[in-house]
Number of protein chains: 2
Amino acid sequence: MASFGNYIKTNRENKGWSQTEFGAKVKINTPAVSKIENDRKRFPVAKLELLAQLFQLDYNQVKDLYFADKFAKEAYEYNCSDNIFKVAENQSTYIKAVNAKQGKLKF
Amino acid sequence: MASFGNYIKTNRENKGWSQTEFGAKVKINTPAVSKIENDRKRFPVAKLELLAQLFQLDYNQVKDLYFADKFAKEAYEYNCSDNIFKVAENQSTYIKAVNAKQGKLKF
DNA sequence: TATTGTTTTACCCAATTTTGGCAAATTTAT
DNA sequence: ATAAATTTGCCAAAATTGGGTAAAACAATA
(Lines give C-alpha, C1' and ligand atoms only; values in the text may rest on other atoms or scores of the structure.)
Protein backbone atom coordinates (compact mmCIF):
# COMPACT_ATOMS: atom_id res chain seq x y z
CA MET A 1 0.00 0.00 0.00
CA ALA A 2 1.29 3.43 -0.90
CA SER A 3 1.10 6.52 1.29
CA PHE A 4 -2.22 7.94 2.38
CA GLY A 5 -1.74 10.93 0.11
CA ASN A 6 -1.22 8.63 -2.81
CA TYR A 7 -4.25 6.64 -1.76
CA ILE A 8 -6.37 9.77 -1.98
CA LYS A 9 -4.89 10.70 -5.33
CA THR A 10 -5.62 7.26 -6.76
CA ASN A 11 -9.20 7.26 -5.53
CA ARG A 12 -9.77 10.79 -6.74
CA GLU A 13 -8.49 9.93 -10.19
CA ASN A 14 -10.64 6.81 -10.24
CA LYS A 15 -13.61 9.09 -9.76
CA GLY A 16 -12.34 11.30 -12.57
CA TRP A 17 -12.21 14.39 -10.37
CA SER A 18 -9.69 17.18 -10.59
CA GLN A 19 -8.08 18.33 -7.35
CA THR A 20 -10.34 21.37 -7.50
CA GLU A 21 -13.49 19.30 -7.94
CA PHE A 22 -12.50 16.97 -5.15
CA GLY A 23 -11.51 19.92 -2.98
CA ALA A 24 -14.96 21.45 -3.40
CA LYS A 25 -16.55 18.27 -2.08
CA VAL A 26 -14.38 18.10 1.04
CA LYS A 27 -14.04 21.88 1.41
CA ILE A 28 -10.30 22.01 0.95
CA ASN A 29 -8.73 24.42 -1.52
CA THR A 30 -6.75 23.12 -4.47
CA PRO A 31 -3.22 23.83 -3.24
CA ALA A 32 -4.04 22.09 0.01
CA VAL A 33 -5.28 19.04 -1.87
CA SER A 34 -2.03 18.96 -3.78
CA LYS A 35 -0.01 19.09 -0.59
CA ILE A 36 -2.11 16.32 0.92
CA GLU A 37 -1.69 14.06 -2.08
CA ASN A 38 2.04 14.61 -1.98
CA ASP A 39 2.23 13.96 1.76
CA ARG A 40 3.34 17.48 2.55
CA LYS A 41 0.28 18.02 4.73
CA ARG A 42 -2.09 15.71 6.56
CA PHE A 43 -5.66 15.20 5.50
CA PRO A 44 -7.82 16.56 8.35
CA VAL A 45 -8.92 13.65 10.56
CA ALA A 46 -12.36 15.14 11.07
CA LYS A 47 -13.09 14.71 7.37
CA LEU A 48 -12.16 11.04 7.13
CA GLU A 49 -15.76 9.91 7.29
CA LEU A 50 -16.76 12.22 4.47
CA LEU A 51 -13.77 10.98 2.50
CA ALA A 52 -14.88 7.40 2.89
CA GLN A 53 -18.38 8.31 1.75
CA LEU A 54 -17.13 10.14 -1.34
CA PHE A 55 -14.91 7.27 -2.37
CA GLN A 56 -17.47 4.68 -1.32
CA LEU A 57 -15.01 2.97 0.96
CA ASP A 58 -15.35 1.49 4.43
CA TYR A 59 -14.78 4.21 6.98
CA ASN A 60 -12.94 2.04 9.48
CA GLN A 61 -10.62 0.81 6.81
CA VAL A 62 -9.87 4.34 5.64
CA LYS A 63 -9.28 5.37 9.23
CA ASP A 64 -6.91 2.48 9.85
CA LEU A 65 -4.96 3.36 6.77
CA TYR A 66 -4.79 6.97 7.81
CA PHE A 67 -3.33 6.19 11.21
CA ALA A 68 -1.13 3.38 9.97
CA ASP A 69 0.40 5.86 7.56
CA LYS A 70 0.78 8.45 10.28
CA PHE A 71 2.42 6.05 12.71
CA ALA A 72 4.75 4.59 10.12
CA LYS A 73 5.96 8.02 9.09
CA GLU A 74 6.57 9.08 12.67
CA ALA A 75 8.37 5.84 13.47
CA TYR A 76 10.56 6.33 10.43
CA GLU A 77 11.26 9.93 11.27
CA TYR A 78 12.49 9.02 14.72
CA ASN A 79 14.38 5.93 13.67
CA CYS A 80 12.35 3.61 15.80
CA SER A 81 13.42 -0.01 15.80
CA ASP A 82 11.86 -2.63 13.57
CA ASN A 83 9.68 -4.07 16.28
CA ILE A 84 8.15 -0.76 17.33
CA PHE A 85 4.72 -1.89 16.17
CA LYS A 86 4.98 -5.12 18.08
CA VAL A 87 5.65 -3.06 21.17
CA ALA A 88 2.79 -0.78 20.22
CA GLU A 89 0.50 -3.75 19.93
CA ASN A 90 1.45 -4.80 23.45
CA GLN A 91 0.78 -1.32 24.70
CA SER A 92 -2.53 -1.38 22.91
CA THR A 93 -3.50 -4.61 24.63
CA TYR A 94 -2.53 -3.12 27.96
CA ILE A 95 -4.51 0.05 27.42
CA LYS A 96 -7.61 -1.83 26.37
CA ALA A 97 -7.37 -4.05 29.42
CA VAL A 98 -6.99 -1.11 31.78
CA ASN A 99 -9.85 0.83 30.28
CA ALA A 100 -12.07 -2.19 30.11
CA LYS A 101 -11.73 -2.66 33.84
CA GLN A 102 -11.71 0.88 35.06
CA GLY A 103 -13.57 2.61 32.31
CA LYS A 104 -11.39 5.68 32.69
CA LEU A 105 -9.75 7.27 29.73
CA LYS A 106 -7.90 10.45 30.38
CA PHE A 107 -5.49 11.05 27.56
CA MET B 1 4.17 -3.03 30.10
CA ALA B 2 2.40 -0.10 31.72
CA SER B 3 2.06 3.38 30.27
CA PHE B 4 5.10 5.51 29.60
CA GLY B 5 4.18 7.80 32.45
CA ASN B 6 4.06 4.86 34.79
CA TYR B 7 7.36 3.63 33.38
CA ILE B 8 8.97 6.93 34.35
CA LYS B 9 7.39 6.83 37.78
CA THR B 10 8.68 3.33 38.42
CA ASN B 11 12.19 4.15 37.30
CA ARG B 12 12.23 7.37 39.28
CA GLU B 13 11.16 5.56 42.43
CA ASN B 14 13.76 2.88 41.82
CA LYS B 15 16.33 5.64 41.92
CA GLY B 16 14.76 6.95 45.10
CA TRP B 17 14.13 10.38 43.65
CA SER B 18 11.19 12.62 44.44
CA GLN B 19 9.38 14.22 41.52
CA THR B 20 11.14 17.45 42.40
CA GLU B 21 14.56 15.86 42.44
CA PHE B 22 13.92 14.09 39.18
CA GLY B 23 12.45 17.26 37.70
CA ALA B 24 15.61 19.17 38.53
CA LYS B 25 17.67 16.67 36.56
CA VAL B 26 15.51 16.88 33.45
CA LYS B 27 14.56 20.55 33.92
CA ILE B 28 10.84 19.98 34.33
CA ASN B 29 8.94 21.49 37.25
CA THR B 30 7.26 19.26 39.78
CA PRO B 31 3.63 19.63 38.69
CA ALA B 32 4.65 18.85 35.14
CA VAL B 33 6.41 15.70 36.30
CA SER B 34 3.24 14.66 38.06
CA LYS B 35 1.19 15.24 34.94
CA ILE B 36 3.66 13.25 32.88
CA GLU B 37 3.65 10.32 35.28
CA ASN B 38 -0.13 10.30 35.20
CA ASP B 39 -0.24 10.51 31.41
CA ARG B 40 -1.91 13.88 31.38
CA LYS B 41 1.00 15.34 29.45
CA ARG B 42 3.71 13.86 27.25
CA PHE B 43 7.33 13.69 28.25
CA PRO B 44 9.23 15.96 25.82
CA VAL B 45 10.75 13.83 23.05
CA ALA B 46 13.89 15.92 22.95
CA LYS B 47 14.74 14.79 26.47
CA LEU B 48 14.38 11.07 25.88
CA GLU B 49 18.11 10.56 25.56
CA LEU B 50 18.78 12.32 28.84
CA LEU B 51 16.04 10.23 30.42
CA ALA B 52 17.69 7.04 29.26
CA GLN B 53 21.01 8.21 30.66
CA LEU B 54 19.54 9.10 34.04
CA PHE B 55 17.81 5.77 34.36
CA GLN B 56 20.73 3.90 32.82
CA LEU B 57 18.53 2.37 30.17
CA ASP B 58 19.05 1.77 26.48
CA TYR B 59 18.03 4.87 24.58
CA ASN B 60 16.53 3.04 21.62
CA GLN B 61 14.46 0.90 23.89
CA VAL B 62 13.18 3.93 25.79
CA LYS B 63 12.40 5.63 22.51
CA ASP B 64 10.50 2.61 21.21
CA LEU B 65 8.49 2.47 24.38
CA TYR B 66 7.74 6.16 24.16
CA PHE B 67 6.37 5.93 20.64
CA ALA B 68 4.64 2.61 21.18
CA ASP B 69 2.79 4.23 24.05
CA LYS B 70 1.97 7.27 21.95
CA PHE B 71 0.70 5.21 19.02
CA ALA B 72 -1.33 2.89 21.19
CA LYS B 73 -3.05 5.77 22.91
CA GLU B 74 -3.90 7.47 19.65
CA ALA B 75 -5.16 4.24 18.12
CA TYR B 76 -7.34 3.69 21.16
CA GLU B 77 -8.63 7.24 21.13
CA TYR B 78 -9.76 6.92 17.55
CA ASN B 79 -11.10 3.41 17.86
CA CYS B 80 -8.78 1.96 15.30
CA SER B 81 -9.26 -1.70 14.49
CA ASP B 82 -7.27 -4.46 16.14
CA ASN B 83 -4.92 -4.91 13.24
CA ILE B 84 -3.96 -1.26 12.94
CA PHE B 85 -0.37 -2.04 13.88
CA LYS B 86 -0.16 -4.79 11.32
CA VAL B 87 -1.21 -2.24 8.74
CA ALA B 88 1.28 0.20 10.20
CA GLU B 89 4.02 -2.37 9.87
CA ASN B 90 3.19 -2.76 6.20
CA GLN B 91 3.26 0.99 5.74
CA SER B 92 6.57 1.06 7.53
CA THR B 93 8.02 -1.49 5.16
CA TYR B 94 6.75 0.50 2.21
CA ILE B 95 8.20 3.75 3.48
CA LYS B 96 11.58 2.24 4.15
CA ALA B 97 11.65 0.73 0.67
CA VAL B 98 10.75 4.03 -0.98
CA ASN B 99 13.26 6.04 0.99
CA ALA B 100 15.98 3.46 0.52
CA LYS B 101 15.65 3.84 -3.22
CA GLN B 102 14.96 7.52 -3.57
CA GLY B 103 16.56 8.85 -0.43
CA LYS B 104 13.92 11.53 -0.18
CA LEU B 105 12.04 12.10 3.03
CA LYS B 106 9.66 14.98 3.03
CA PHE B 107 7.23 14.57 5.85
C1' DT C 1 3.13 28.86 -30.14
C1' DA C 2 -0.84 30.44 -27.56
C1' DT C 3 -4.48 28.96 -24.62
C1' DT C 4 -6.71 26.56 -21.18
C1' DG C 5 -7.02 23.56 -17.36
C1' DT C 6 -4.52 21.29 -13.71
C1' DT C 7 -1.15 20.78 -10.31
C1' DT C 8 2.49 22.52 -7.45
C1' DT C 9 5.18 25.89 -4.75
C1' DA C 10 5.90 29.68 -1.69
C1' DC C 11 4.27 32.48 1.83
C1' DC C 12 1.09 34.07 5.23
C1' DC C 13 -2.59 34.08 8.85
C1' DA C 14 -6.21 32.33 12.17
C1' DA C 15 -7.78 28.73 15.20
C1' DT C 16 -6.77 25.12 18.10
C1' DT C 17 -3.92 22.34 20.93
C1' DT C 18 -0.09 21.61 23.77
C1' DT C 19 3.10 23.07 27.07
C1' DG C 20 5.40 25.51 31.10
C1' DG C 21 5.02 27.59 35.39
C1' DC C 22 2.85 29.30 39.62
C1' DA C 23 -0.29 28.97 43.56
C1' DA C 24 -2.96 26.28 46.06
C1' DA C 25 -5.19 21.96 47.37
C1' DT C 26 -4.67 17.26 48.42
C1' DT C 27 -2.45 13.21 49.80
C1' DT C 28 1.10 10.50 52.35
C1' DA C 29 4.02 9.48 55.99
C1' DT C 30 5.74 10.31 60.37
C1' DA D 1 -0.43 17.92 63.61
C1' DT D 2 3.40 18.75 60.72
C1' DA D 3 6.30 18.30 56.84
C1' DA D 4 7.22 16.35 52.48
C1' DA D 5 5.45 14.85 48.28
C1' DT D 6 2.08 14.80 44.87
C1' DT D 7 -1.78 16.52 42.34
C1' DT D 8 -4.99 19.98 40.48
C1' DG D 9 -6.50 24.33 38.45
C1' DC D 10 -5.50 28.19 36.05
C1' DC D 11 -3.27 31.27 32.77
C1' DA D 12 0.03 32.83 29.32
C1' DA D 13 3.37 31.27 25.84
C1' DA D 14 4.63 28.21 22.30
C1' DA D 15 3.82 24.87 18.87
C1' DT D 16 0.85 22.61 15.67
C1' DT D 17 -2.77 22.50 12.47
C1' DG D 18 -5.86 24.06 9.09
C1' DG D 19 -6.91 27.27 5.76
C1' DG D 20 -6.15 30.91 2.09
C1' DT D 21 -4.07 33.74 -1.97
C1' DA D 22 -0.91 34.59 -5.70
C1' DA D 23 1.78 32.92 -8.86
C1' DA D 24 4.80 29.49 -11.01
C1' DA D 25 5.19 25.09 -13.33
C1' DC D 26 3.27 21.48 -16.02
C1' DA D 27 0.27 19.09 -19.49
C1' DA D 28 -2.65 18.78 -23.19
C1' DT D 29 -4.31 20.79 -27.27
C1' DA D 30 -5.97 24.06 -30.71
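The name that an unreviewed UniProt entry assigns to chain A is Helix-turn-helix domain-containing protein, with the source organism given as Winogradskyella endarachnes.

Most peptide bonds take the trans configuration, and most residues that are not glycine carry a negative phi. Residue and element names in this part refer to chain B. A positive phi is found at Lys27, a non-glycine position, where the angle reads about 55°. Assignment of secondary structure puts Lys27 in the loop between α2 (19-26) and α3 (30-37). Overall, the relative accessible area of 70% leaves Lys27 in the exposed class. A positive phi angle is found at Gln56, which is not glycine, with a value near 55°. Counting through the fold element by element, Gln56 comes out in the loop between α4 (48-55) and α5 (59-77).

Moving on: the protein's contact with DNA strand D. The full set close to DNA strand D counts 16 residues, and Lys35(A), Arg12(B), Gln19(B), Pro31(B) and Ser34(B) are the nearest of them. Atoms of DNA strand D within 4 Å of the protein: sugar and phosphate make up 56%, bases the balance. Between Asn29(A) and DNA strand D, the recorded distance is 3.2 Å, taken from a side-chain N or O atom to a phosphate oxygen. Between Gln19(B) and DNA strand D, the recorded distance is 2.7 Å, taken from a side-chain N or O atom to a phosphate oxygen. When contributions to the surface near DNA strand D are tallied by element, the ones reaching two or more residues are α3 (30-37) of chain A together with α3 of chain B. Tallying contributions element by element places α3(B) first for the surface near DNA strand D, with 4 residues. Here the residues of the surface near DNA strand D sort into 3 nonpolar, 6 polar and 7 charged.

It is worth spelling out the UniProt feature "domain: HTH cro/C1-type" (unreviewed entry) in chain A at this point. According to UniProt, the "domain: HTH cro/C1-type" (unreviewed entry) feature falls on residues 8-62 of chain A. The span residues 8-62 of chain A shows a helical share of 65% and a strand share of 0%, and its end C-alpha atoms are spaced 10 Å apart.

Here the structure, examined in full by the defined rule, presents 18 aromatic pairs over all chains. Consider the rings of Phe4(B) and Tyr66(B), whose centres lie 5.3 Å apart with planes at 90°: the pair is edge-to-face. Highlighted residues: Phe4(B) in helix α1 (residues 4-15) and Tyr66(B) in helix α5, separated in sequence by 62 residues. This pair shows no difference in class: Phe4(B) is buried, exactly as Tyr66(B) is. Its guanidinium or amino end placed over the ring of Trp17(A), Lys25(A) lies 4.7 Å from that ring's centre, counting from NZ or CZ. Directly above the aromatic system of Tyr66(A) lies the positively charged group of Arg42(A), at a separation of 4.9 Å from the ring centroid.

What counts, and where the lines are drawn
Residues numbered from 1 in each chain as written. Chains lettered and ligands numbered in written order. Predicted model: local features only at pLDDT ≥ 70, side-chain atom pairs only at ≥ 80, totals over all residues. Heavy atoms only, no water. Helix = DSSP H or I, 4+ residues; strand = E, 2+ residues; numbered from the N terminus. Buried < 20%, exposed > 50% of the residue type's maximum accessible area, 1.4 Å probe, protein only. Near = heavy atom within 4 Å. Polar contact = N/O pair within 3.5 Å; in protein donor to acceptor, adjacent residues only side chain to side chain. Nonpolar A, V, L, I, M, F, W, Y, C, P; charged D, E, K, R; others polar. UniProt positions renumbered as here; feature names shortened; annotations may be inferred. Phe/Tyr/Trp six-rings, centres within 6.5 Å; stacked < 30°, edge-to-face > 60°. Lys NZ or Arg CZ within 6 Å of the ring centre and 35° of its normal.

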